[in-house]
Each structure stands twice: as C-alpha cells, then as structure tokens.
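Architecture and fold: a report
Residues per chain are reported as follows:
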Amino acid sequence: MLGLQLVVALGVAILVAHALARRVPVPVPAILVLAGSALFWLPGFDHVGLPPEVVLLLFLPALLYWEAITSSARHIRKFARGIVLTGTLLVVVTAAVVAVVANALGVPWGLAWIIGAALAPTDATAVAALRRLLPRRNLGTLQAESLINDGTALVVYGLAVAFAAEGRMPSAGEITGQFALSFFGGIAVGLVVGWVAHRVRSRIPNHVDTNIASVLTPFVAYLLAEEVHASGVLAVVTCGLYMARVTPRTVAAATRQQGAAFWTLSTTVLNAALFVLIGLQLPASVQRVAPAELAHDLLICAAVFATLPLVRWLFLTVSIGVIRALDRRPAQRALRTTWRGRVVSAVAGLRGGVSLAVALSVPDDLPGRHLVVFVTGTVVVASLLIQGSALPAVIRWAGLPRDTTDEDEYARAQIAASEAALESLDALAAGLDVDDAVADAARSNLEQHLRALAADRAGDEEAASVVRSRQARDLHLALLHRKRTTIIELRDQRVIDDVVLRRIQAQLDAEEVRLTPPETE
C-alpha cells in the first residue's frame, strides 16, 4: 500500500504547495521541497528512496523534451554564442571552482570534483518554474542553457567518479574524446530519432496513436544515445528542437490540441513531483552526518552555495567583456545587457533535481558518498529557498525594461493571417462553390475581426469594433453555456445517453476554447 500512499501524498503536496504559492512570496519549487521534507516524518515515508535512474531515465527525458519543443529556436540562434558558452565552458569552470573551494575545506579532490559536477548545471525544471518571474530574454537564455548543460555536467561527473575511484586524472585525450562523443554523438542521435519519428508520426492516421508515438520519442532518443555512450540529454533536446521545427506543417489540429494538453499537464505533475521527492531525500541525508562533523559540513555547504552565483556572475561579466572587445558589430551591440541584468541571470541560476540525481548516482561503496549527497542536497534547497525567494526583489531592483516582443509579434501575426484569409476568400469560395451570401457573411466577419485587431493593437479599448467583438464573444459564450445546460438536462431526464452528451459536449468545448483567449506563459 505504500506505493498508493506515496501517490496520494505527492498529489496532496502538489496541490497544497500550489495553493500556498498564491498566498506567500516563496517560489513553488521551494514550497514543494519543504512539503517533501515534511512527508519524510510520516510513518513509512522515511524509507522512500529516489533512485537516480528514475530522474535520469523517467523524469529528465520527458521534461527536457517538452522544454525543447516549447523553447524559441530563434532565440537560441540569436544568443547561440552565449548559450553555448554557459552551457559548456561555464559548467566546467563552475565544477572546477567548487572543487577548489571544497578541497580547501578538507574535502578530498575526487569527492570535491563530484560535488562540483553535481552542482555545476542549472536545472531546466527549476528554471521552468520561474517562467512568470523572469523577463523573456533572461528566461529564454536560461532555459536554453539548462537544456544543454546537463550533458556537460554528466561528462564531468563521469570523469570525477573515475578519478575518485581510481585515484588518477584522465588524460587530455580521454577528456576530449569523451566530450566529443557525448556532444556530437548526442546531437547526431537526436537528429536521426527526430527524422524517423517525424516520418512515422506523419503516417499514423489516428491522433491518439500519433501522440503515443510523441510520448515515446524522447525516451527512444535518450536510450539510443546512452547505448552508444553519447549524451542522452543532448539527444532529447536536439530531437525536441527538430520536431518543433517540422511538425507544425504535418500534425493535425486535433492531434496537436490533445498532445499539448497532455504534455502540459504531465510535465507540470512530473516537475512538481520531482521537487517533492527531492525534499523527501534530504532529512535522511542529514541524519547520516555525524554530529561532530555537522558544523564543518554546513560550512562546506555555505561556501559552495556562495560560490555558485558569484562564479556565474564573474563568468558572464568576463565573457561578455571579451565578446564586446572582439566583436564590435552593430548586431552584437544590440544584444548587450546591463550589469544589473547579469545579476538577475546569476541569481536565477537555480539548482534542482538533476544535481541531486547526480549526487545519488555516486556508487555506494565510494568513501564519502554521504558527504556528496548532504552538500548537494543542502545547496539545492538553499538555492531554491534563498535565491528563488530573492529573485522577485532582484528583478524589481534591476529595473529591466519590459519586453513586448511577443505581444507585438502576436498582434502582427493575427492581422497578417486574417488579411491573407480575406484576400483569398473569393478564390476559395469559387473553388468550393460557396453561395454568395455565405461568402459575404464570411467577408463581413473577417473585416470586423481585422478592425477589432487593429483597434486592439492601437490600445483603443473603447473602439466600436473592439466593443462589438467583445460583445459577440460574450454572447457566443453565453449561448454555449445555455446549450451545455440543456444537453445536461436532457441526459438527466434520460432523453439522451451519456455517450451523446459527451459527443455534443466535445463540440461545445472546442468552440469555447476557440473563443477564450489563451493564457500567457
């Protein structure tokens, strides 16, 4: 029964955390971690473990794939140089500096490098939880960075474990070979799996089966990459970016709507459950620390925690300075940010589930494993609680300008699409042999919609076209509600069957979704 109790406890913890997050100025991930730590003290939950393979093989592929699917390829291309630097070189630099700091406090070099590798990458799942806090540019860059830095960190971790176990540092050739295989192999596998998956999905006529293939895709990419000792993380990310590029032309609307709803819900639950499970592990790691060593170990945690944002800020400052000195093109100057923006990026570099999964992956027979888990877990919690809680105030202090690019492009795209539809209306009506009255009604609706879009873009909320458009939408929604009430009454009176109710309700729901403005991320 413990499995069922855990499922129920996870669900309750997620709901309570989301409810609290609307009332207290603490990020949702931090509340979820605290909820998991509270679950530890319930009977039976103190023995619940989080095998690292669960995070690396179950949580990570799904979460990274959806983050890649929903990321901006244009943003990645625009800031590719900075993203590659922070996703690769910054990870190595952070791991090295953390190792030096930990070693200076008495941690053996092998364990120090493992701690550095575990805490070097920012976490995609933690960054995703900041979606509503960060400006678009900072969020997009952090999100893209966190999609690739896990692959770098896992290579560093593998080298660190070998160093700790064997007592020898790998040669430069071995390090270069592992990095090359990890990165280029992962990218190649991701492209191959994406190409095959796209062609398989385009030949499946049923949207349910198509989405089943979509769910399977990231796990296939991760598995094949790991089989050839390449980066499963980069394979999943590359596959996701490829699918985001090619599927809009080939995936049916019903398939896309069903898939988006599934992925949004499932990744939200997986993300939240991961943080709860992280919190569930922490009390046990604290209990394994000897009381005499607790003060010293906490000192290590504090030093490492302070090191992470400092190294990140220094790296961003130095790398941006070098780029500005070497590249003085106008296009490069347009990408510049302020030092306050770099502070925001440094504070927003949270650590999360991947870091703890790496720490838990340390072999049980490696001396000092408990120290790695304790330091990593403590720093992850401090990152979520302290940095995450401070981030809103840091963003307000930075005074970053509001980015309206998405809103502007959204308005332009709607107007362009409606204008194209209006221009082609006569030809389409003739080709479909549509009655003139029907074509005239469609033309009138499109013209009214265009006037409303233009007035709305100009910020004229009181324009007649905007008012009429809003009134028409409200009336349509009210009529849909009346229809829905009627068919439910017919079902209750046993005039129609539940099957008929669901069929009509699905049509009404589709109309309501079409009329209701989408939520902004």
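None of the values given here were measured: they were computed from a predicted structure. (Residues numbered from 1 in each chain as written. Predicted model: local features only at pLDDT ≥ 70, side-chain atom pairs only at ≥ 80, totals over all residues. Heavy atoms only, no water.)

Examining the overall build of the protein chain
When helices and strands are counted, the protein chain shows 22 helices and 0 strands. Taken against the 2.2 N^0.38 rule, which gives 24 Å for 521 residues, the C-alpha radius of gyration of the protein chain at 26 Å falls within 12% of a compact globule. Seen along its three principal axes, the alpha-carbon backbone of the protein chain occupies a region of about 85 × 65 × 45 Å. A total of 521 residues make up the protein chain; the buried ones form 44% of that total. The long-range share in the protein chain, meaning contacts at least 24 apart out of those at least 6 apart in sequence, stands at 80%. Element-wise, carbon and sulfur atoms account for 64% of the exposed surface of the protein chain, whose accessible area totals about 26600 Å². For the protein chain, the centre of its 45 positive side-chain charges and the centre of its 43 negative side-chain charges are spaced 6 Å apart. (Helix = DSSP H or I, 4+ residues; strand = E, 2+ residues; numbered from the N terminus. Rg over C-alpha atoms; globule rule 2.2 N^0.38 Å. Buried < 20%, exposed > 50% of the residue type's maximum accessible area, 1.4 Å probe, protein only. Contact = heavy atoms within 4.5 Å. Areas by Shrake-Rupley, 256 points an atom, 1.4 Å probe, with all protein chains shown as cover. Lys, Arg positive; Asp, Glu negative; His and termini not counted. Charge placed at Lys NZ, Arg CZ, Asp CG, Glu CD.)

Details of a nonpolar patch on the surface
A cluster of nonpolar side chains, L4, V7, V8, V12, V16, L20 and V24, forms an exposed patch at the surface whose accessible area comes to about 580 Å². If you trace the backbone, V12 turns up in helix α1 (residues 2–21). Accessibility expressed as a relative area gives 45% for V12, which makes it partly exposed. (Patch = residues over 30% accessible without salt bridge, like charges linked within 9 Å, V, L, I, M, F, W, Y side chains within 5 Å. Salt bridge = Lys/Arg side-chain N within 4 Å of Asp/Glu carboxyl O.)

Comments concerning unusual backbone geometry
If you check the backbone angles, H229 has positive phi at about 65° while not being a glycine. Tracing the chain through its elements places H229 in the loop between α10 (207–227) and α11 (232–246). Judged by relative accessible area, which is 62%, H229 ranks as exposed. Residue D433 is not a glycine yet carries a positive backbone phi of 55°. Mapped onto the elements of the fold, D433 is located in the loop between α19 (425–431) and α20 (436–457).

Digging into helix α15 (residues 339–347)
Across the 9 residues of α15, 7 count as buried, placing the element largely inside the fold. Within α15, burial applies to G341, R342, V343, V344, S345, A346 and V347.

Focus on the nonpolar core
For soluble globular proteins, nonpolar side chains are generally found buried alongside one another. Counting 102 residues, the largest nonpolar core has V107, I114, L280, V375 and V379 as its most contacted members. The dominant element in this core, judged by the number of residues it contributes, is helix α12 (residues 253–287), at 11 residues. Once residues within four sequence positions are removed from consideration, L280 is found in contact with L6, G36, S37, L39, F40, F45 and V48. Judged by nonpolar contacts, the second largest core, of 11 residues, contains V344, V347, A348 and L391. (Core = buried A, V, L, I, M, F, W, Y, C linked by side-chain atoms within 4.5 Å.)

Overview of the confidence of the model for the protein chain
Scored by pLDDT, the protein chain has a mean of 85; 93% of the residues are at 70 or more. Per-residue pLDDT, averaged within each element of the protein chain, yields its smallest value for helix α7 (residues 124–128) (66) and its largest for α10 (93). (pLDDT = per-residue confidence, 0-100.)

Focus: the packing of aromatic side chains
Applying the stated criterion across every chain yields a total of 6 aromatic pairs. Ring geometry for F40 versus W41: centroids 5.0 Å apart, planes at 90°, classification edge-to-face. Ring centres of F179 and F183 lie 6.2 Å apart, and the angle between their planes is 20°; on these two criteria the pair is classed as stacked. Residue F179 and its partner F183 are both found in helix α9 (residues 172–202); the two are separated by 4 residues, about one turn of the helix. An aromatic cluster is present here, built from Y65, W66, F262 and W263 joined pairwise through their rings. (Phe/Tyr/Trp six-rings, centres within 6.5 Å; stacked < 30°, edge-to-face > 60°.)

Concerning the side chain of T376
By the secondary structure assignment, T376 is in helix α17 (residues 369–398). Residue classification places T376 among the buried positions, given a relative accessible area of 0%. The residues contacting T376, other than those within four sequence positions of it, are A118, L119, S355, L356 and A359.

Notes on the pattern of salt bridges
One pass over the structure, following the stated rule, counts 9 salt bridges. The partner of D509 in a salt bridge is R484, with the nearest N and O atoms 2.9 Å apart. You can see D509 sitting in helix α22 (residues 498–515) and its partner R484 sitting in helix α21 (residues 464–492), a full 25 residues away along the chain. Accessibility expressed as a relative area gives 33% for D509, which makes it partly exposed. Residue R491 pairs with D492 through a salt bridge whose shortest N-O separation is 2.9 Å. Taking the relative accessible area as the measure of exposure, R491 reaches 27% and is therefore partly exposed. Beyond isolated ion pairs, a larger network of salt bridges with shared partners links D426, D440 and R443.

Considering α9
Here α9 is 31 residues long and its end C-alpha atoms lie 45 Å apart, about the 45 Å a rise of 1.5 Å per residue gives. Among the residues of α9, F179, S182, F183, G185, G186, V189, G190, V193, G194, A197, H198 and R201 are the ones counted as buried. (Expected span 1.5 Å × (residues − 1).)

Description of the packing of α9 against α11
Two elements in contact, α9 and α11, have axes whose closest approach is 7 Å; the angle formed by their N-to-C orientations is 40°. Between α9 and α11, the interaxial angle falls into the category oblique. Seen along the crossing, α9 lies across α11 with a hand that is right-handed. Its residues assigned to classes, the contact of α9 with α11 shows 13 nonpolar, 6 polar and 2 charged. (Axes fitted to C-alpha atoms, helices over the stretch in contact; angles between N-to-C directions. Parallel < 35°, antiparallel > 145°, perpendicular 65-115°, else oblique. Left-handed = near helix turned anticlockwise from the far one by under 90°. Nonpolar A, V, L, I, M, F, W, Y, C, P; charged D, E, K, R; others polar.)

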